[in-house]
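Architecture and fold: a report
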Amino acid sequence: MTNNNQTKSLIEKESLKGRDFLTLLDYSSEEIAYLLQLAYDMKQDTLAGKKPPVLAGKTLGMIFEKHSTRTRISFEVGMIHLGGHGLFMNARDLQIGRGESVSDTGKVLSQFLDGVMIRAKSHKMVEELAEHTTVPVINGLTDLFHPCQAMADLLTIKEVKGDLKGQKLSYIGDGNNVAHSLVIAGAHMGMNVAVATPKGYEYHAGLLEKAKKIAEANGGSVTATYDPIEAATDADAIYTDVWTSMGQEEEAAKRLIDFKDFQINDQLVGHAKKDYVFLHCLPAHREEEVTASVIDGENSYVFQQAGNRLHAQKAVLASLL
Ligand code: CP
Ligand code: NVA
């Protein structure tokens with residue numbers, strides 16, 4: 001494994017410095033592979049008790065418009081590991097919460113901070129913020145994407161399975177923010193990604209076309225179906241997320257009915273490879289999108305996956321800031 005000096009030289013990749021991290025579409029497959037390897041190496045260092053303070057004295061502002069456990073804690077702890085500081089800000093308490101413009105907010109934050117991480121309702125708002133902010137802006141979840149989650153997801157599969165290329169990654173459930181980023185990440189790594197959603201909850205059509213092109217360029221594929229068994233068959237990894245995301249609570253009762261054939265249960269995972277990996281970004285609803293038998297079973301890596309948020313984001317922070 002790597003030592004501190006190797007880690008230090010690894011994170012000096014010029015093309016990443018100062019960049020925003022809004023969607024994995026903005027990054028080349030080579031850059032994604034680099035960040036995953038760096039995350040892997042930095043995790044080994046961290047486990048060996050080595051935490052080189054490569055961001056000493058730097059401050060990350062962390063704005064939240066929605067709830068969070070994993071994202072908030074992993075970013076804050078990540079900054080501490082890197083020798084810097086994470087500053088939690090509830091959007092409600094900022095002036096932006098009572099109407100200060102996004103552009104003025106971005107210009108002001110740039111005076112104080114070395115980076116901004118934001119969890120927001122609207123991806124468009126995050127794009128506008130990034131446009132008016134001179135320091136890197138990192139997407140901590142929007143209505144459209146969750147790129148930091150996808151980095152942790154692939155890091156987990158890489159740890160368990162080794163090489164990612166050619167592995168069948170099946171996402172079964174809502175065509176949501178988590179799905180969007182996961183599929184693009186898998187495409188970058190040349191995986192064979194299968195997405196199964198109910199009708200009316202499809203993966204974003206424009207993003208699907210983009211993901212297909214990225215996958216093909218890397219020797220992989222992306223397919224979409226309405227048949228969960230087709231997606232689960234021979235899968236190396238099965239992934240699901242909640243049926244009702246934050247902000248969709250009014251649709252919850254209808255979604256329970258519409259998604260009932262998409263539950264990840266023992267019968268469905270019986271179609272996957274014996275040594276398949278089960279993943280979920282969490283928080284999970286047992287006996288809704290996944291049964292306890294699967295999420296608490298021996299093929300589940302969901303807590304290792306949650307822990308990998310820390311390592312994946314440290315690689316992103318160290319490279320961008
Ligand atoms: N998976 C994830 O982003 O978790 P939090 O909502 O707790 O941050
Ligand atoms: N799709 C979920 C992910 C939570 C981490 C949501 O947006 O609520």
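Here, every reference points to the structure presented above.
Every value quoted in this text rests on a predicted model; they were computed, and no experiment measured them. Each chain carries its own residue numbering, running from 1 in the written order of its sequence. Written order determines the labels here, with chains lettered from A and ligands numbered from 1. Per-residue local features of the predicted model are confined to residues with pLDDT of at least 70, and side-chain atom pairs are confined, for both listing and counting, to 80 or more; whole-chain, interface and lining totals are unaffected and use all residues. Side-chain figures throughout are based on the complete set of non-hydrogen atoms in the structure, without hydrogens or water.

From N to C terminus, the protein chain includes 13 helices and nine strands. In terms of overall size, the protein chain behaves like a compact globule, its C-alpha atoms giving a radius of gyration of 19 Å where 321 residues would be expected to give roughly 20 Å. For the protein chain, the C-alpha atoms occupy an extent of roughly 55 × 50 × 35 Å along the three principal directions. Out of the 321 residues belonging to the protein chain, those deemed buried represent 56%. Whether two residues are in contact is decided by their heavy atoms, any of which lying within 4.5 Å being enough. Intrachain contacts of the protein chain at a sequence separation of at least 6 include 76% that bridge at least 24 residues. Working note: accessible area of the protein chain is about 13400 Å², and carbon and sulfur atoms make up 51% of it. Between the centroid of the 33 positive side chains of the protein chain and the centroid of its 42 negative side chains there is a distance of 3 Å. Each helix corresponds to a stretch of at least 4 residues labelled H or I by DSSP, and each strand to a stretch of at least 2 residues labelled E; elements are numbered beginning at the N terminus. The atom set for the radius of gyration is the C-alpha atoms, and the globule formula is 2.2 Å times the number of residues raised to the power 0.38. Between buried and exposed lies partly exposed: a residue is buried under 20% and exposed over 50% of the maximum accessible area for its type, with that area taken using a 1.4 Å probe on protein chains only. For accessible areas, the Shrake-Rupley method is used with a probe of radius 1.4 Å. Any residue's cover is judged against the shown protein chains and nothing else. Here Asp and Glu are counted as negative and Lys and Arg as positive; His is not counted, and neither are the chain ends. A charged residue contributes its charge at one atom only: NZ of Lys, CZ of Arg, CG of Asp or CD of Glu.

A separate point is a negative patch on the surface. A contiguous patch of negative charge on the surface is contributed by Asp26, Glu127, Glu128 and Glu131. In this fold, glutamate 131 is placed in helix H5 (residues 123-131). Accessibility expressed as a relative area gives 63% for glutamate 131, which makes it exposed. Patch rule: a residue counts if its relative accessible area is over 30% and it has no salt bridge; like charges are joined within 9 Å, and nonpolar side chains (Val, Leu, Ile, Met, Phe, Trp, Tyr) within 5 Å. Salt bridges are identified by distance alone: a Lys or Arg side-chain nitrogen within 4 Å of an Asp or Glu carboxyl oxygen.

What follows concerns the packing of aromatic side chains. The pairing test for Phe, Tyr and Trp rings, Trp by its six-membered ring, is centres within 6.5 Å, and the orientation test on the planes gives stacked under 30 degrees, edge-to-face over 60, and tilted for anything in between. Enumeration over the complete set of coordinates arrives at five aromatic pairs. Relative to phenylalanine 259, the ring of tryptophan 243 lies with its centre 5.7 Å away and its plane at 20°, an arrangement referred to as stacked. Pair noted here: tryptophan 243 is in the loop between strand S8 (237-240) and helix H10 (252-258) and phenylalanine 259 is in the loop between H10 and helix H11 (266-269), with a separation of 16 residues, a long-range link. Classification of phenylalanine 259 by relative accessible area gives buried; the value is 0%. Grouping aromatic residues by their ring pairs yields a cluster made of Tyr201, Trp243 and Phe259. Think of it as a cone above the ring: NZ of Lys or CZ of Arg counts as a charge over the ring if it is within 6 Å of the ring centre and within 35 degrees of the ring normal. Lying across the ring of tyrosine 40, lysine 158 places its NZ or CZ 6.0 Å from the centre. Here the guanidinium or amino end of lysine 199 rests over the ring plane of tyrosine 226, the centre of that ring lying 4.9 Å away.

All right, on to the state of the cysteines then. Note on terminology: disulfide denotes any pair of cysteine sulfur atoms within 2.5 Å. As enumerated under the stated definition, the model contains zero disulfides in all. In this structure cysteine 148 is a free cysteine whose sulfur lies 13 Å from that of cysteine 281, the closest cysteine sulfur available.

It is worth spelling out the side chain of histidine 81 at this point. Relative to the helices and strands, histidine 81 resides in helix H3 (residues 70-81). Judged by its relative accessible area of 15%, histidine 81 is buried. Apart from residues lying up to four places away in sequence, histidine 81 is in contact with Thr46, Lys51, Pro52, Leu310 and Lys314.

Once that is clear, we can look at the sheet that holds strand S5 (residues 168-172). The pairing criterion is simple: DSSP has to find at least two bridges between the two strands. Taken in spatial order, the five strands of this open sheet run S7-S6-S5-S8-S9, and their pairing is parallel. Either end of the sheet is taken by a strand with one partner, and the two such strands are strand S7 (221-225) and strand S9 (277-280). Taking the axes of each pair of neighbouring strands and ignoring which way they run, one obtains an average angle of 20° across the sheet. Along the sheet, helix H6 (residues 147-161) contacts S5, S8 and S9; its crossing angle with S9, the most-contacted strand, is approximately 165°. A fitted line through C-alpha atoms represents every axis, and for helices the fit uses only the stretch in contact; the resulting angles, taken between N-to-C directions, go from 0 to 180 degrees.

Lining the immediate environment of ligand 2, one finds Leu141, Asn176, Asn177, Val178, Asp241, Val242, Ser245, Met246 and Leu282. The term polar contact refers here to a pair of N or O atoms within 3.5 Å; inside protein, the definition further demands a hydrogen-donor-capable atom paired with an acceptor-capable atom, and it admits residues adjacent in sequence only when both atoms are side-chain atoms. A distance of 2.7 Å separates a nitrogen atom of ligand 2 from a polar atom in the side chain of serine 245. One of the backbone N or O atoms of methionine 246 is found 2.8 Å from an oxygen atom in ligand 2. In this count, Pro and Cys sit with the nonpolar residues alongside Ala, Val, Leu, Ile, Met, Phe, Trp and Tyr, while Asp, Glu, Lys and Arg are called charged and the others, Gly among them, polar. Taken together, the residues of the shell around ligand 2 sort by class into five nonpolar, three polar and one charged. Only a single heavy atom is needed: when it lies within 4 Å of a molecule or strand, its residue is near that molecule or strand.

One can describe the packing of helix H4 (residues 102-112) onto H5 by two numbers: an axis separation of 8 Å at closest approach and a directional angle of 45°. For the element pair H4 / H5, the angle class is oblique. In the packing of H4 onto H5, the handedness of the crossing is right-handed. Packed against H4, whose contacting residues are Val102, Ser103 and Gly106, the element H5 presents Met125, Glu128 and Leu129 at the interface. When grouped by side-chain class, the residues that make up the contact of H4 with H5 number three nonpolar, two polar and one charged. Angular relationships are summarised with four words: roughly parallel below 35 degrees, roughly antiparallel beyond 145, roughly perpendicular across 65 to 115, and oblique for the angles in between. The crossing is said to be left-handed when, going from far helix to near helix, the turn is anticlockwise and less than a right angle, and right-handed when the turn is clockwise.

Let us look at the sheet that holds strand S3 (residues 115-119). The sheet built from four strands is open, its strands ordered S2-S1-S3-S4 with parallel pairing. One side of each edge strand has no neighbouring strand; the edge strands of this open sheet are strand S2 (85-90) and strand S4 (137-139). The sheet shows a mean angle of 20° between the axes of neighbouring strands, direction not considered. Where strand S1 (residues 59-64) and S3 come together, five bridges link them in parallel fashion. Considered in S3, the bridge of isoleucine 63 is made with isoleucine 118.

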